[in-house]
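Below, each chain spelled out in residue letters.
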Amino acid sequence: MIREGSRILLEVRGLRAVVNGIEILKGIDLTVRSGEVHAIMGTNGSGKSTFAKVLAGHSAYQVTGGSVLFEGRDLFDLSPEERARAGVFLAFQYPIEIPGVANSHFLRLAYNTVQAQRGKEELDPLEFEDFVRDKMKLLEMNPEFLDRGVNEGFSGGEKKRNEILQMALLEPRLAILDETDSGLDIDALRIVTTGVNKLSTADNAIILVTHYQRMLNYIVPDFVHVMRAGQIIKTGGKELALDLETRGYDWVGAEQPAMAGA
Amino acid sequence: MSAVLQNLVNQPYKHGFVTEIESDIAPKGLNEDIIKLISAKKGEPAWMLDFRLKAYYQWLKMDEPKWPNVKYPKIDFQAISYYAAPKPKKKLSSMDEVDPELLRTFEKLGVPMHERAALAGVAVDVIFDSVSVATTYKQKLAEVGIIFCSISEAVQMHPELVRQYLGTVVPVGDNYYAALNSAVFTDGTFCFIPKGVQCPMDLSTYFRINTEESGQFERTLIVAEEGASVSYLEGCTAPKFDTNQLHAAVVELVALDNADIKYSTVQNWYAGDENGLGGIYNFVTKRGLAKGTNSRISWTQVETGSAITWKYPSCILQGDNSVGEFYSVAVTNNYQQADTGTKMIHIGKNTRSTIVSKGISSGHSNNSYRGLVRIAPTAAGARNYSQCDSMLIGDKCGAHTFPYIQVRNQEAKVEHEASTSKIGEDQLFYFAQRGIGSEEAVSMIINGFCKDVFQQLPMEFAVEATKLLGFKLEGSVG
Ligand SMILES: Nc1ncnc2c1ncn2[C@@H]1O[C@H](COP(=O)(O)OP(=O)(O)OP(=O)(O)O)[C@@H](O)[C@H]1O
Ligand SMILES: [Mg+2]
């Protein structure tokens, strides 16, 4: 079912990509409309993170076929930073540490860059401090994380929270959350997913990559896709995730050929 | 240039040896006559000539050092002209005459407008009417008894002070380049802070050397008497060109009881083109003597230029409880080579030293840290902490660390930490994913990496140095 007044945000057709000469993505089709939440599930190594990184423009991956339109524009015409400024956000499965660069400085620069792109007001360090502290409250994050290096020495769960903090700051059009749930304790999962839900509007969309139903209890998907060997081999509603939880992945694909998303 | 010096230089040639030399530039090559000529041209007293000759004869017996981790074609020391009459820089009459490339650089570095003019050699009064800046500056210093002048002027005006201290920290035969410098130096800076005086402002070469070409063999001597303190800034972030390829400076610092000397350098000599051709060879001997009890010598350097840098600002911690510090950022790009570091020689009791070295290499460059910590048997309770971090940008550059530690006292404590990191594709991607381009990302990472050193720089210098690094590494990624 298509929401009233929604529009197509992302249109992926036959996307193929290689890394180090190995083809990982073998023809992905996916359509994401505003207001939607899509979950992508699938076995380890099936290409979920690769798909996310290709959309974000990681230079290690070469696109060898297919097309991606983002809000009607060819996504591959944009550099990674232009994609980010245009509203594509990736919460990384493994956020990298950047020692020596203060988190507060990094967050402010990212925020101001995106604000400038949108023709909105940039904040000076003091204004930003207040602004970011509010957002951190939402995620029940200790402000001391502002003074530390970006992700430097953060625990697994703390890194994930810092990713969602960035999502909250940058208010993306399309947020791709790559296994944001892994590493979060039970309380943190509730806090972070509540935060994500608050950010979800009729104008934006979320792609959730996850292995577990528990995340989807909080952020209820409109579509669930199953990925295997670089393709989306099955698409269903939120009940598909429950099926997968009980039955595993083996049965998928034995039934019917791949179907494009929505 | 000072009037005194001007007069001396312009004096008719009267001493009589090597009569065939009348021009303003000495013939190429080095021999006793040339040294006598230099000394005579400068109207120096006999002890100064003796100093030079002694250095020369030691130099003759020495060999060029081969141990640094740098490669360059053999220098023909007989193909260099060792004396040219100091001449004022060519004055330009307006900013329009300045090389646009240079202006672009100033712009990027954020050099203030009035300084741009001065640095580019535009007559100051054309651009802004604060000709009196330098004069006011000198007056203020004179009021508290500080001497701050060219070393040539000091030899004339304060011979007893120069004679007392010159060569006491870096002896004439200390090393090949220092010996050469001692024999032929033509100019440099002298700075004397009398007992109990806290220098009211940072002393900057900017106010001294702007009116003349700096020499190829610069000589600097800074003396802080009991309880005196001074912060001295050398160089500037603006790129510095010179037609002389070889530069061999000597800097000597002397700190008496409770004195404090902080020496900060931002070095941005021409580094050669992107293939490494034509850059300056910078072979410098810098050494501070913490002579008195509780004295302190602190070196901070940001080395970004030169094709080859060979430089080890050192501290001799002679006084009990004296402190030596070395904070360094050395950046190499393209085909630059740097072999730099420090020596901390602990002699007095409870002497302490800190070494923080940050080497950044990119392109095809090579960056070596070489540090010696020596604890003499007399240095009971001495402590040293060293931290040497290297950062690589790309995979064609090299970073090397050569720590030498010699401890001859059981009670001493020496700590050494080292790390190597790389600016990786994934880090840059993380920045990009948040909308931040690679230039800015690199600059943020580098500034984070250098923070401990930049904190030591005087505020304005730190801001400039930050920009300079970004500029130096521009285009080194992506
Ligand atoms: N740089 C690379 N070089 C070689 N192989 C790679 C590279 N990057 C990814 N791959 C391979 O591509 C495949 C897909 O990896 P990807 O990270 O996209 O899987 P995933 O679906 O996210 O798995 P997980 O659920 O474990 O996170 C894996 O087999 C992986 O080893
Ligand atoms: Mg993954």
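As a reminder, the structure under discussion sits directly above these lines.
Residues numbered from 1 in each chain as written. Chains lettered and ligands numbered in written order. Predicted model: local features only at pLDDT ≥ 70, side-chain atom pairs only at ≥ 80, totals over all residues. Heavy atoms only, no water.

### Quick look at the site of ligand 1
Residue and element names in this part refer to chain A. The following threshold applies: Proximity is defined per residue: if any heavy atom of the residue lies within 4 Å of a molecule or strand, that residue is considered near it. Throughout this description, a polar contact denotes any pair of N or O atoms lying within 3.5 Å of each other; where both atoms belong to protein, one of them has to be capable of donating a hydrogen while the other can accept it, and for residues adjacent in sequence the pair is counted only when both atoms sit in side chains. In short, Shrake-Rupley with a 1.4 Å probe defines the accessible areas, and a residue's cover is counted only from the protein chains shown. The way it works is that DSSP assigns letters per residue, a run of H or I at least four long becomes a helix, a run of E at least two long becomes a strand, and they are numbered from the N terminus. Any residue that is not Ala, Val, Leu, Ile, Met, Phe, Trp, Tyr, Cys, Pro, Asp, Glu, Lys or Arg is counted as polar, Gly included; the first ten are nonpolar and the last four charged.
Around ligand 1 there are 16 residues in total, and Gly-45, Lys-48, Ser-49, Thr-50 and His-211 lie nearest to it. Contact distances for ligand 1 include 3.2 Å between an oxygen atom and a backbone N or O atom of Ser-46. A distance of 2.9 Å is found between an oxygen atom of ligand 1 and a backbone nitrogen or oxygen belonging to Gly-47. Look at ligand 1: alone it shows 640 Å² of surface, and the protein chains cover 66% of it. Taken together, the elements giving at least two residues each to the shell around ligand 1 come down to strand 2 (22-33) and helix 1 (48-56). In terms of residue class, the shell around ligand 1 is made up of four nonpolar, 10 polar and two charged.

### A look at the coordination of the magnesium ion (ligand 2)
In plain terms, the rule: Donors, by definition, are the N, O and S atoms found within 2.8 Å of a metal, the threshold being 3.2 Å for Na, K and Ca, and water is not counted, so a site can look incomplete.
Protein coordination at the magnesium ion (ligand 2): the donors are Ser49(A) (OG) and Gln93(A) (OE1), at 2.0 to 2.1 Å from the metal. With Ser49(A) in helix 1 and Gln93(A) in the loop between strand 6 (88-91) and strand 7 (98-102), this pair connects stretches of sequence that are 44 residues apart.

### A word on the pairing of strand 6 of chain A
All names here are of chain A. For clarity, the cut-off: Between buried and exposed lies partly exposed: a residue is buried under 20% and exposed over 50% of the maximum accessible area for its type, with that area taken using a 1.4 Å probe on protein chains only. At least two DSSP bridges between two strands are needed for those strands to be called paired.
Here strand 6 shows a buried face lined by Val-88 and Leu-90 and a second buried face lined by Phe-89 and Ala-91. Examined bridge by bridge, strand 6 and strand 9 (residues 174-178) share four bridges and lie parallel to one another. From the neighbouring strand, Phe-89 faces strand 9, where its bridge partner is Ala-175.

### With respect to the sheet that holds strand 5 (residues 73-74) of chain A
Residue and element names in this part refer to chain A. With antiparallel pairing, the four strands of this open sheet are ordered in space as 2-1-4-5. Two strands lie at the open edges of the sheet, namely strand 2 and strand 5, each paired on one side alone. By the bridge criterion, eight bridges tie strand 1 (residues 8-19) to strand 4 (residues 61-70) in an arrangement that is antiparallel. Bridging across to strand 4, Leu-10 finds its partner in Phe-70.

### Considering the side chain of Thr113(A)
Applied cut-off: The contact definition used throughout considers only heavy atoms, calling two residues in contact when any of these lie within 4.5 Å.
Here Thr113(A) is to be found in helix 3 (residues 103-117). Thr113(A) gets classed as buried once you look at its relative accessible area, which sits at 18%. Looking at Thr113(A), its side chain comes within polar contact range of the main-chain oxygen of Leu109(A), at 2.5 Å. Aside from chain neighbours lying at most four places away, what touches Thr113(A) is Arg85(A), Gly435(B) and Ile436(B).

### Here's the deal with the environment of Ala179(B)
Residues and elements named next belong to chain B. Residue placement: Ala-179 occurs in helix 10 (residues 176-184). Taking C-alpha positions, Ala-179 is 24 Å from Tyr-369, a pair spaced 190 residues apart along the chain. Setting aside residues up to four positions removed in sequence, Ala-179 forms contacts with Ala-55, Trp-59, Met-62, Val-172 and Gly-173.

### So, the pairing of strand 9 of chain A
All names here are of chain A. Burial of strand 9 is extensive: five of the five residues sit out of reach of the surface. The alternating pattern of strand 9 places Leu-174, Ile-176 and Asp-178 and Ala-175 and Leu-177 on opposite faces, both of which are buried. Note that strand 9 and strand 10 (residues 205-209) share five bridges and pair parallel. What sits directly across from Ala-175, in strand 10, is Ile-206.

### Here's the deal with the environment of Ile360(B)
Within the element layout of this structure, Ile360(B) appears in strand 15 (residues 352-362). Here the alpha-carbon distance between Ile360(B) and Asp426(B), two residues 66 residues apart in the chain, equals 19 Å.

### Some details on the sheet that holds strand 3 (residues 37-42) of chain A
All names here are of chain A. Worth spelling out the cut-off: Fitted lines through C-alpha atoms serve as axes, helices being fitted only where they are in contact, and the angles separating the N-to-C directions of these axes extend from 0 to 180 degrees.
The strand order across the open sheet built from six strands is 6-9-10-3-11-12, with neighbouring strands paired in mixed fashion. Every interior strand has two partners, whereas the edge strands, strand 6 and strand 12 (231-236), have only one. When the angles between neighbouring strand axes are averaged without regard to direction, this sheet yields 20 degrees. Examined bridge by bridge, strand 3 and strand 10 share four bridges and lie parallel to one another. Paired with Val-37 across the two strands is Ile-206, which belongs to strand 10. Contacting strand 3, strand 11 (223-228) and strand 12, helix 8 (residues 238-247) runs over the sheet at an angle of about 45 degrees to strand 11.

### Structural notes on a negative patch on the surface
The test is simple: Patch members must show over 30% relative accessible area and no salt bridge, and they are joined within 9 Å when carrying like charges or within 5 Å when they are nonpolar side chains of Val, Leu, Ile, Met, Phe, Trp or Tyr. Any carboxyl oxygen of Asp or Glu within 4 Å of a side-chain nitrogen of Lys or Arg constitutes a salt bridge here. Charge assignment: positive for Lys and Arg, negative for Asp and Glu; neither His nor the chain ends contribute. Taken as the charge centre is NZ of Lys, CZ of Arg, CG of Asp or CD of Glu, depending on the residue.
Taken together, the side chains of Glu121(A), Glu122(A), Asp124(A), Glu127(A) and Asp130(A) present a region of like negative charge at the surface. Within the element layout of this structure, Asp130(A) appears in helix 4 (residues 125-138).

### As for unusual backbone geometry
All names here are of chain A. The backbone of Glu-140 sits at a positive phi, close to 50 degrees, despite the residue not being glycine. The exposure class assigned to Glu-140 is exposed, which follows from its relative accessible area of 53%. Residues other than glycine seldom take positive phi values, yet Ala-229 does so here, at roughly 45 degrees. Mapped onto the elements, Ala-229 comes out in the loop between strand 11 and strand 12. Judged by relative accessible area, Ala-229 falls into the partly exposed class, the value being 44%.

Geometric descriptors of this kind do not, in isolation, establish any biological role.
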